[in-house]
Amino acid sequence: MFIVMRKGYTEKEMADILDRLTQMGFTGHTSKGVERTVIGVVGRTYPELKDTLEMWPGVEEVVPISKPYKLSSREFQPHDTRIKVGDVTIGGEEVVVMAGPCAVETEEQLLQTARAVKAAGANILRGGAYKPSTSPYSFRGLGEEGLKLLDKARQETGLPIITEVMTPQDVELVARYADILQVGARNMQNFILLEEVGKTQKPAMLKRGMSATIQEWLLSAEYILAQGNRQLMLCERGIRTFETYTRNTMDVSAIPIIEKLSHLPIIADPSHGTGKWYLVAPLALAAVAAGADGLMIEVHPSPDNALKDGAQSLTFENFERLMAQVGMVATSVAPIYRGEGLKMN
Ligand code: PEP
Ligand code: MN
């Protein structure tokens, strides 16, 4: 349930409410909007609690949240979450582009890619140092060495970096280097990892599990949010269906669905969503047209020689072409999604 505060409530009333909730074994998560301030009450709530809380000073009313996910829901927070990473704002007016290789392979490969994606207009550099891998025999990443190379690329280009963290034990180390922590599809329900990521208070991106429903995905997001980390974005990266032509089926419908159900920014990853480089541009454009807040695109200096995901990686030239097309679509759909009062929710 959530507490809607009375207009003109005092800071003391707010602090007292948060204290009393803690004493009762609940956690209070505040959301201050232009229209109203609410406190999400997380814990084992029960129907009679509503009457009790409504007697507390400063409280206007107490509303049960009808959805199983709470802190990620629009009911709790009607306004969009915006995440600032350096100069980049995710979830705001601009479509943010994260680009780079699937895996950090060598200094030269990473720096060349970082320079190329920056020149083409990307906002954030991606690259995996710890790679989840379906087969134990494929490349598993450079580990901390890869993180150091990402740091070097950031220093040279000024691009913030996003990189995956795979285990709870690695969170502290990866968080020391990364600007955004990525939780991959295979770990969407690694609940201990989600809680550790939540504790860092670092911007994080939660990818949709390959067989996860929208509800399961949002419930996973709750694990991170409930630790007090509100700088969270979601990423649609394709789901498993009966189709085998593509690596996954890119669920473009998830974008407006998330936009409707949740205030969290939604990023689209058409590289993993399709598995084929020539499908990356059409699906990237479809995602932007559907209202995505950003894109994650795999780019490699020589996709034929990539140690991972070469078949879905764009060359520098194709990435540059895509960026121009993304600009065109983003500009034409901006009045629909980003204009005042025209947002689709
Ligand atoms: C990745 O981003 O390189 C990755 C492994 O993605 P996913 O978790 O979506 O498979
Ligand atoms: Mn990849």
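Just so it is clear, the model here is predicted, and its values are computed rather than measured.

Peer 1: Whenever I open this one, the state of the cysteines confuses me. Can you help?
Peer 2: Think of a disulfide as a covalent bridge from one cysteine sulfur atom to another cysteine sulfur atom. Throughout the structure, instances matching the rule amount to 0 disulfides. In this structure Cys 235 is not part of a disulfide, and its nearest cysteine sulfur, from Cys 102, lies 13 Å away.

Peer 1: Hey, could you run me through the domain arrangement of the protein chain in this one?
Peer 2: One frequently used descriptor of interface size is the decrease in accessible area upon assembly of the parts. What the domain assignment lists for the protein chain is domain 1 (2-63) and domain 2 (83-337). The distance between the C-alpha centroids of domain 1 and domain 2 comes to 35 Å.

Peer 1: Explain the pattern of salt bridges to me, please; I cannot follow it from the model alone.
Peer 2: When the charged atoms of two side chains with opposite charge come close together, those side chains can pair. Applying the stated criterion to the full structure yields 19 salt bridges. One salt bridge in this structure joins Glu 107 and Lys 152, with 2.8 Å as the shortest N-O distance. On the criterion of sequence distance, the pair formed by Glu 107 in helix H3 (residues 107-120) and Lys 152 in helix H4 (residues 144-157) is long-range, its members being 45 residues apart. For Glu 107, a relative accessible area of 35% puts it in the partly exposed group.

Peer 1: What exactly am I supposed to notice about the pairing of strand S14 (residues 294-298) here?
Peer 2: A regular strand carries its side chains on alternate faces of the sheet. Burial within S14 is extensive, with 5 of its 5 residues counted as buried. Judged by which residues are buried, S14 turns out to be covered on both faces: Gly 294, Met 296 and Glu 298 on one side and Leu 295 and Ile 297 on the other are all buried. Sheet analysis places strand S7 (residues 96-100) next to S14, joined by 5 bridges and oriented parallel. If you follow Ala 99 over to S14, its bridge partner there is Ile 297.

Peer 1: Can you walk me through the coordination of the manganese ion (ligand 2) in this structure?
Peer 2: Four donors placed tetrahedrally around a metal ideally meet at 109.5 degrees, and six donors placed octahedrally ideally meet at 90 or 180 degrees. All of the protein donors around the manganese ion (ligand 2) are Cys 102 (SG), His 272 (NE2), Glu 298 (OE) and Asp 309 (OD); their distances to the metal are 2.0 to 2.4 Å. Mapping the donors of the manganese ion (ligand 2) onto the primary sequence yields the spacing C-x169-H-x25-E-x10-D. Of this pair, Cys 102 sits in the loop between S7 and H3 while His 272 sits in helix H9 (residues 270-274), and the two are 170 residues apart along the sequence. The burial state of Cys 102 is the same as that of His 272; both residues are buried.

Peer 1: Any chance you could explain the side chain of Asp 293 here in plain terms?
Peer 2: Within the secondary structure layout, Asp 293 lies in the loop between helix H10 (277-289) and S14. For Asp 293, a relative accessible area of 5% corresponds to the buried category. If near-sequence neighbours (up to four positions away) are discounted, Asp 293 is found in contact with Gly 91, Glu 94, Val 95, Val 96, Glu 259, Pro 265, Ile 266, Ile 267 and Arg 338.

Peer 1: Would you mind going over the site of ligand 1 with me for this structure?
Peer 2: In the vicinity of ligand 1 there are 13 residues, among which Arg 126, Lys 131, Ala 185, Lys 207 and Arg 237 approach most closely. Within the side chain of Arg 186, one N or O atom sits 2.9 Å away from an oxygen atom of ligand 1. Within the complex, the protein chains bury 97% of what would otherwise be the 300 Å² of accessible surface of ligand 1. A breakdown of the residues in the shell around ligand 1 according to their chemical character gives 3 nonpolar, 3 polar and 7 charged.

Peer 1: Help me understand the sheet that holds strand S1 (residues 2-5) in this model?
Peer 2: Read from one edge of the open sheet, 4 strands run S2-S3-S1-S4, paired in antiparallel fashion. On the outer flanks of this sheet lie strand S2 (27-32) and strand S4 (59-63), each paired with one strand and no other. For this sheet the average axis-to-axis angle between neighbouring strands, irrespective of direction, equals 25°. Here S1 runs beside S4; their pairing, made up of 4 bridges, is antiparallel. Pairing of Val 4 across the sheet is with Glu 61, part of S4.

Cut-off values and rules
- Residues numbered from 1 in each chain as written.
- Chains lettered and ligands numbered in written order.
- Predicted model: local features only at pLDDT ≥ 70, side-chain atom pairs only at ≥ 80, totals over all residues.
- Heavy atoms only, no water.
- Disulfide = S-S within 2.5 Å.
- Domains from an automatic or database assignment.
- Salt bridge = Lys/Arg side-chain N within 4 Å of Asp/Glu carboxyl O.
- Helix = DSSP H or I, 4+ residues; strand = E, 2+ residues; numbered from the N terminus.
- Buried < 20%, exposed > 50% of the residue type's maximum accessible area, 1.4 Å probe, protein only.
- Pairing = 2+ DSSP bridges.
- Donors = N, O, S within 2.8 Å, 3.2 Å for Na, K, Ca; no water.
- Contact = heavy atoms within 4.5 Å.
- Near = heavy atom within 4 Å.
- Polar contact = N/O pair within 3.5 Å; in protein donor to acceptor, adjacent residues only side chain to side chain.
- Areas by Shrake-Rupley, 256 points an atom, 1.4 Å probe, with all protein chains shown as cover.
- Nonpolar A, V, L, I, M, F, W, Y, C, P; charged D, E, K, R; others polar.
- Axes fitted to C-alpha atoms, helices over the stretch in contact; angles between N-to-C directions.

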